[in-house]
Amino acid sequence: MNEEELVEYFRAQVGKDPDMASAVAAIRTLLEFLKRDKGETILGLRESLTWATACLKGVDSSVAVSSGGELFLRFISLTSLEHQDLSRCKKVMEERGELFLEKISMSRNKVAKLCHTFIKDGAKILTHSYSRVVLRVLEKAAAEKKRFSVYVTESQPDAAGRQMAETLKKLNVPVTVVLDAAVGYVLEKVDLVIVGAEGVVESGGIINKIGTYQMALCSKAHNKPFYVVAESFKFVRLYPLNQQDVPDKFKVRRPFSLFDGFPSPHSDVLTGACFPSQYKADTLKSVKNLSEEHPIIDYTPPSLITLLFTDLGVLTPSAVSDELIKLYL
Amino acid sequence: MADSGVTDGFEKTDGIERAKSEGKELTKEEKQRLRKEKKQQKKNKEKKDDRASQESGREKQGVSSAASAPQPSAQSAAQKAPSAVPAPVPVAASEAPAPAPAPADKPAKSKAELKAERRARQDAERASKHGKKGDPGQPGAAGKPKAPTSELQPVVKRLPEHIQVDNPDVLKKLAKKLERQQIPLRLDYGYKVSLFSHLHQYSRKAPLTQQLSIPSTVIHPAIVRLGLQYSQGIVAGSNARSVALLHAFRQVIRDYTTPPNEELSRDLVNRLKPYISFLNQCRPLSASMGNAIKYIKKEISNIPSQCKEEEAKSKLLHCIEWYIKEKIILAAKAIAESSIEKISDGDVILIYGCSSLVNHILCEAFEKSRKFRVIVVDSRPRLEGREALRRLVQRGISCTYVLISAVSYILPEVSKVFLGAHALLANGYVMSRVGTSQIALVAKAFNVPVLVCCETYKFCERVQTDSFVSNELDDPDDLIVTRNGRTQLENWQQEPSLGLLNLVYDVTPPDFVDLVITELGMIPCTSVPVVLRVKNVDQ
C-alpha cells in the first residue's frame, strides 16, 4: 500500500462517516495497511507502520491523528510477539488492532455516560465551537429528560459554533450563539462550561480550538467549573510549557474551501474532518513567516481545568500523567 | 556464674582498654565480652530495682519515668540484637540464666551449632518481646503513653535521630551507638536558633577527624578522607557526593577480606555501618547518598553464600560501576536530550547556584547550536553561582550574573527557569539549595515556566511540606564577613539574643514547578509518587 492508496483510503473513511473522529479513521486506515502489508519482519512492519502514520500526519496534522496512530502502534505491539511464524504474529496484531478499534468506538458513549450526570436540571451550559463529544454528552442529557440551555461561541474564523447550534436546535435544546468576545459577558449567567479537546497533553492540559484558553481563564476568574470531555486516544506525549511551546504543525490550519470536493461546507476544523493535502502541508511549506498566520488552536494549562471526562474515568488533571504513564510506558 | 563473668571481665577489660586507646578495632570476642559485662552489671542493678519497684507497685507500662527495669534491658537488648551476629550471646545470657555456663561450653560445642541455637532462641524471644514492648526507638517520647502493641502491628514510624537533637534521650542513644562503633561523637557548635534547635549544627573548624587517633584501623582511610572532604566542603553537590561515596565504597570492597567463619554478605554490611555513621557525623547524608547506600546494602546481602570471595567482590564492584553509569551518567545524557527540546533559539534561561546537571544540559544545548543566553543567580554565603558562571563562560555561553536580591528585577527578561534538585519528595515537593523556592515563587508570579531537572535516584519516599522539619544547618561562622579589616560579627557568641542561621536546603511546593525532567521522561511534579511506584515494582 503506497502513499496515494493510503491517503485515498483515509479520505474515504472520513467521507463515509463524518461523525467519526479523524483519529478513528486514521486507525482504520492503519489497520487496513497492516492487513495488506507484505513485510517479512516484525521490525520492518513496525517501521512501515511508523511511515504510514507519518503520511497520515502530513494529510491531517491534528493532534488526534498523531496520538491515535502512536497509541495504535503501542497497543498492538504490547503483547508477546514470540511466535515463530510471522503470519501468526501479524494475525495477533490484527486481532488486537480490531479490539482497539472496537474499544475506541465505544469511548464516546462511555464519556457521555459519565458526564451527563454532572448536568443538573435547569443548568445553563457554555461550550466552545463544534465538538462531537460534547454533542454526544448533551444528547444523552437530553435523552435523560434534563432541561438545560446552551450558549455556544461562534468560534471564528470558521464559524463552527453555528453548526453546533444548528445540531442542538434539532435536539430541541434552547441554544444561543454568542460572539467569541462575549465570553466574559455571558459567564455570570452560566453554571458550567464543557468543552471538547483535540489533544490531552501530559501535564493534564488540553489543546483545543483557539478561544478555549480565554474561556478557561474567564471561568477561573468567575469560579465556574470548567470540564473537558475527551476520549483516551487523544492523550498525547507532549508537554507544552506555554502557548509558544506547542509545535507549529498543530497550530497552522486554514478553514478549507469548496475546492476539494467535500460535501459539507461546514465540516469543522476542530475535530478534524479531512483536509485536502494541498492545504495542510502547503501552508507549512509555503508560508515563510509563520508569524503572519493565525493559530487555529491553543493550549489550556491544567491549573484552569476542573475535571476531565474520559473513557478511562473521571480524572483530575494531575491524574492524566498517571494514565499516560500506564498507556505509554 | 555472675561472679565468674565479672572476674573474667576484669582481666579482659584491661586488654580492651588497651586496644581502645590504641585505636585498634576490638576483636569480636573482646566486643562480646564488653557487652556481656555490661549486661551482667545491669542485671545486678535490675535485681535490686525489681525488688524496689515491686514494693512501690507496678506502674503503667507506658509511663516513661518508671520505665520498669526489664524494659530498658529488653529494649537495649533488642537494640543490640539486630546489630551484629555476636549479639545472640548477651541476649541468651540475660534471658536464660540457666545456660550461663554457655561461655564455658563454647569451646565444647562447635561455634556454628551454638550460633544456630542462639539464633533460634533469639527469634523466639523477639516474637514474644514484640507483644510486650512498644515502639523501640522512643523511650522518652515526651511521656506519651505507648500504644497497646499486642493488637497493633508495628506501624509506628521511628523519627530519624538527626532531627531530634533537642531530645536528650535520643542523643544518649546516639552516643552509645557511636561508642559501640568506636566513632567519636561530634559536638554541636554555637547557639542554635530555637526554631531549628532540633537539628545538628557543626563547626567547620572542628572536623571529626581531629578526634580520631592515628593510626585508626576502625575506619578505612578512604572513608576518613571522604568524611573530611565532606565536612570541609571540598566535595559538595548531590551528584558529586554520591559518586565520591560510591568510589570510596569500591575501595573498601577491594581491600576487604572476609574473616574466617563469617559470611561476606552479612559481615560486609556490618562493616559498612560504622563507616556510614562516621560519614553522617562529618556531614548529614543526602537523599541520593541514602538511596545509593540502600542499593549497595541490598546487593551485598543478595550475594549467595556459596559465592567465592573474589567472585563476590568483583560482582559488587561491577554493581557499583553499573549504578554510577546508569543512574548518574546515562541519566544525565537522557535528561539533556529531553531538555534540549525545551530550549528554543532566543531563550533567556535563568539558573540558580551550581547544579552539575543543569550545567551539563546547558553545555549540551550549546553544542547542538541552540542560541540562548544565561542568567546566573547567586547567593551568599556559598556563592556557588560563580563556579557555574566559570564553567559556562569557558564554553562560550553568554552569561549575566546577579545576586538573588535582584531576581524580581531580572525576571521580566527571562523566558525559562532551570533548577536542579537535591531530592524530590514523595508528595511532589522539591528539596533543593536554599533560595530555590524563592526563585520559583517569583517566577510563578511573573508567569515564567519553572523546570526542575532531577535524576530518579534522587527520588525519596519522605514527605515534607516545610523546610523546618528536616534540614541541614551549616557552620554559622560562614555568615561572618570581614570588610576593610573589620568584622562586625566577630563576637556574636557573646551576644545573648543573637543567633546566626545558615540553612542549606529549602523545599519548593509543586504548584510553583511546571515540569520535572527525569530520565524516564517529562512528568508533572505531582507524578513523583507514580514514578516511585513504578520503580518499586521494577525492583
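Numbering of residues starts from 1 in each chain and follows the order in which that chain's sequence is written. Each chain takes a letter, starting from A, and each ligand takes a number, starting from 1, following the order in which they are written. It should be noted that, the model being predicted, local features are given only for residues of pLDDT at least 70 and side-chain atom pairs only at 80 or more, the latter also being counted only at that level, while totals for whole chains, interfaces and linings use all residues. The side-chain figures draw on all heavy atoms in the structure; neither hydrogens nor water molecules are used.

Once that is clear, we can look at the overall build of chain B. Check the secondary structure of chain B and you find 17 helices and 12 strands. When burial is assessed residue by residue, chain B has 47% of its 539 residues classed as buried. Here, residues are in contact when the closest pair of their heavy atoms is within 4.5 Å. At a minimum sequence separation of 6, the contacts of chain B that also span at least 24 residues come to 77%. Total accessible area computed for chain B in this model is approximately 27,100 Å², and 54% of it derives from carbon and sulfur atoms. Strands here mean DSSP runs of E at least two residues long; helices mean DSSP runs of H or I at least four residues long; both are numbered from the N terminus. For every residue, the accessible area (1.4 Å probe, protein chains only) is compared with the maximum for its type, and the residue is labelled buried under 20%, exposed over 50%, or partly exposed between those bounds. Per-residue and other accessible areas were derived by the Shrake-Rupley procedure at a 1.4 Å probe size, with only the shown protein chains allowed to occlude residues.

Turning our eyes to something else, we now look at the overall build of chain A. Counting secondary structure elements, chain A contains 12 helices and 10 strands. Sorting the 329 residues of chain A into buried and exposed places 56% on the buried side. Pairs at least 24 residues apart make up 76% of the contacts formed inside chain A by residues separated by at least 6 positions.

With that settled, the discussion passes to the interface of chain A and chain B. On the chain B side, the residues contacting the 10 residues of chain A number 13 residues. Between chain A and chain B, a total of about 1,100 Å² is buried, with carbon and sulfur atoms accounting for 58% of that surface. Any carboxyl oxygen of Asp or Glu that lies within 4 Å of a side-chain nitrogen of Lys or Arg is treated as forming a salt bridge with it. Joining chain A to chain B, the criterion identifies 2 salt bridges. Two residues, A:Asp322 and B:Arg533, come together in a salt bridge whose shortest N-O distance is 3.3 Å. Polar contacts, as used here, are pairs of N or O atoms within 3.5 Å; protein pairs need one atom able to donate a hydrogen and one able to accept it. Residues neighboring in sequence count only if both atoms are side-chain atoms. There are 5 residue pairs in polar contact (both at pLDDT 80 or more) connecting chain A and chain B. Classifying every residue of the side of chain A that touches chain B gives 4 nonpolar, 3 polar and 3 charged. By definition, the buried area sums, over both parts, the 1.4 Å-probe accessible area that each loses when the two are put together. The nonpolar class holds Ala, Val, Leu, Ile, Met, Phe, Trp, Tyr, Cys and Pro. Asp, Glu, Lys and Arg form the charged class, and all remaining residues, Gly among them, are polar.

This part is about the side chain of B:Ser470. Residue and element names in this part refer to chain B. Mapped onto the elements, Ser470 comes out in the loop between strand S7 (450–453) and strand S8 (482–483). Under the relative-accessibility criterion, Ser470 is labelled buried at 9%. For Ser470, the side chain forms a polar contact with the side chain of Arg462, separated by 3.2 Å. Setting aside anything within four residues of it in sequence, one finds Ser470 in contact with His162, Ile163, Met431, Arg462 and Gln464.

Let us look at the sheet that holds strand S4 (residues 416–420) of chain B. Hydrogen bonds between backbone groups are what pair the strands of a sheet, and the pairing can be parallel or antiparallel. Residues and elements named next belong to chain B. In spatial order, the strands read S3-S2-S1-S4-S7-S11-S12; together these 7 strands make up an open sheet with mixed pairing. Each having just a single partner strand, strand S3 (399–403) and strand S12 (521–523) make up the two edges of the open sheet. Put simply, the sheet's adjacent strands are angled 25 degrees from each other on average, direction ignored. Direction of pairing for S4 relative to S7: parallel, over a ladder of 4 bridges. Its bridge partner being in S7, Phe418 is matched across the sheet by Leu451. Angular values range over 0 to 180 degrees, each being the angle between N-to-C directions of two axes fitted as lines to C-alpha atoms, with helices fitted over their stretch in contact. The sheet strands contacting helix H12 (residues 309–342) are strand S1 (347–352), S4, S7, strand S11 (515–518) and S12, and the helix crosses S11 at an angle near 145 degrees. Any two strands between which DSSP finds at least two bridges are classified as paired.

Let's shift gears to the pattern of salt bridges. Scanning the model with the defined rule gives 32 salt bridges over all chains in all. The salt bridge partner of A:Glu231 is A:Lys234, with a shortest N-O separation of 2.8 Å. Its relative accessible area of 5% is what places A:Lys234 among the buried residues. Close ionic contact of B:Arg382 with B:Glu384 constitutes a salt bridge, the shortest N to O distance being 3.6 Å. Taking the relative accessible area as the measure of exposure, B:Arg382 reaches 26% and is therefore partly exposed. B:Glu384 gets classed as buried once you look at its relative accessible area, which sits at 19%.

On to the environment of B:Cys453, then. All names here are of chain B. Along the chain, Cys453 falls in strand S7. Cys453 gets classed as buried once you look at its relative accessible area, which sits at 1%. The spatial distance from the C-alpha of Cys453 to the C-alpha of Glu519 is 9.2 Å, given a sequence separation of 66 residues. Excluding residues that lie within four positions of it along the chain, Cys453 makes contacts with Ile335, Leu357, Ile361, Phe418, Leu419, Gly420, Ala421 and Ile517.

All names here are of chain B. Like charges within 9 Å and nonpolar side chains (Val, Leu, Ile, Met, Phe, Trp, Tyr) within 5 Å are joined into patches, using only residues over 30% in relative accessible area that form no salt bridge. His is not counted, nor are the chain ends; Lys and Arg add positive charge and Asp and Glu add negative charge. In plain terms, the charge of a residue is placed at NZ if it is Lys, CZ if Arg, CG if Asp and CD if Glu. A contiguous patch of positive charge on the surface is contributed by Lys42, Lys45, Lys172 and Lys176. Those elements that provide at least two residues to the positive patch are helix H2 (28–56) and helix H7 (168–181). For Lys172, a relative accessible area of 54% translates into the label exposed.

Residues and elements named next belong to chain A. Within the secondary structure layout, Gln214 lies in helix H9 (residues 212–222). We classify Gln214 as exposed; its relative accessible area is 52%. For Gln214 and Tyr299, which are 85 residues apart along the polypeptide, the C-alpha to C-alpha distance reads 9.9 Å.

A few words now on helix H5 (residues 86–115) of chain A. Helix length check: H5(A) (30 residues) gives 43 Å between terminal C-alpha atoms against 44 Å at 1.5 Å per residue, within 8%. Axes are fitted to the seven residues ending at a residue and to the seven starting at it; the angle between these axes is taken as the bend at that residue. At A:Ser107, H5(A) is deflected by roughly 35 degrees, the largest bend along its length. A helix is expected to span 1.5 Å multiplied by its residue count minus one.

What follows is about the side chain of A:Asp322. Inspection of the secondary structure assignment puts A:Asp322 in helix H12 (residues 317–328). Excluding residues within four positions of it along the chain, A:Asp322 makes contact with B:Ser527, B:Val530 and B:Arg533.

Here the focus is the packing of aromatic side chains. All names here are of chain B. The criterion for an aromatic pair is that two Phe, Tyr or Trp rings (for Trp, the six-membered ring) have centres within 6.5 Å, with stacked assigned to planes under 30 degrees apart, edge-to-face to planes over 60 apart and tilted to the rest. With the rule as written, the count across this model stands at 10 aromatic pairs over all chains. For the ring pair Tyr323 and Tyr457, a centre distance of 6.2 Å and an interplane angle of 85 degrees mean the geometry is edge-to-face. Linking Tyr323 in helix H12 with Tyr457 in the loop between S7 and S8, this pair joins segments that are 134 residues apart in sequence. Considered together, Tyr323 and Tyr457 belong to a single accessibility category, that of buried residues.

All names here are of chain B. Only buried Ala, Val, Leu, Ile, Met, Phe, Trp, Tyr and Cys residues count toward a nonpolar core, and they belong to the same one when joined by side-chain atoms within 4.5 Å. The biggest cluster of nonpolar side chains holds 46 residues, and the ones touching the most others in it are Ile219, Ile223, Phe249 and Phe278. Of all the elements in the fold, those that place two or more residues in this core are H7, helix H8 (221–232), helix H9 (238–254), helix H10 (264–282), helix H11 (287–301) and H12. For this core, the element with the highest residue contribution is H10, accounting for 9 residues. If we ignore the near neighbours within four places in the chain, the residues touching Ile223 are Ala248, Phe249, Val252, Tyr275, Phe278 and Leu279. Grouped together as the second largest cluster of nonpolar side chains are 34 residues, Tyr352, Val377, Val407 and Val417 included.

Residues and elements named next belong to chain B. Between H9 and H11, the shortest axis-to-axis distance is 9 Å and the interhelical angle comes to 30 degrees. Considering the angle they form, H9 stands roughly parallel to H11. Note that H9 runs across H11; the crossing there is right-handed. Each of Ser238, Arg241, Ser242, Leu245, Leu246 and Phe249 in H9 lies in contact with H11, whose residues at this interface are Ser288, Met289, Ala292, Ile293 and Ile296. Looking at side-chain class alone, the contact of H9 with H11 contains 7 nonpolar, 3 polar and 1 charged residues. Throughout this description, any angle smaller than 35 degrees is read as roughly parallel, any larger than 145 degrees as roughly antiparallel, any in the 65 to 115 degree range as roughly perpendicular, and the remainder as oblique. Crossing handedness is defined as follows: a turn of the near helix away from the far one that is anticlockwise and smaller than a right angle gives a left-handed crossing, while the clockwise case is right-handed.

Bear in mind that shape data such as this cannot, by itself, settle questions of function.
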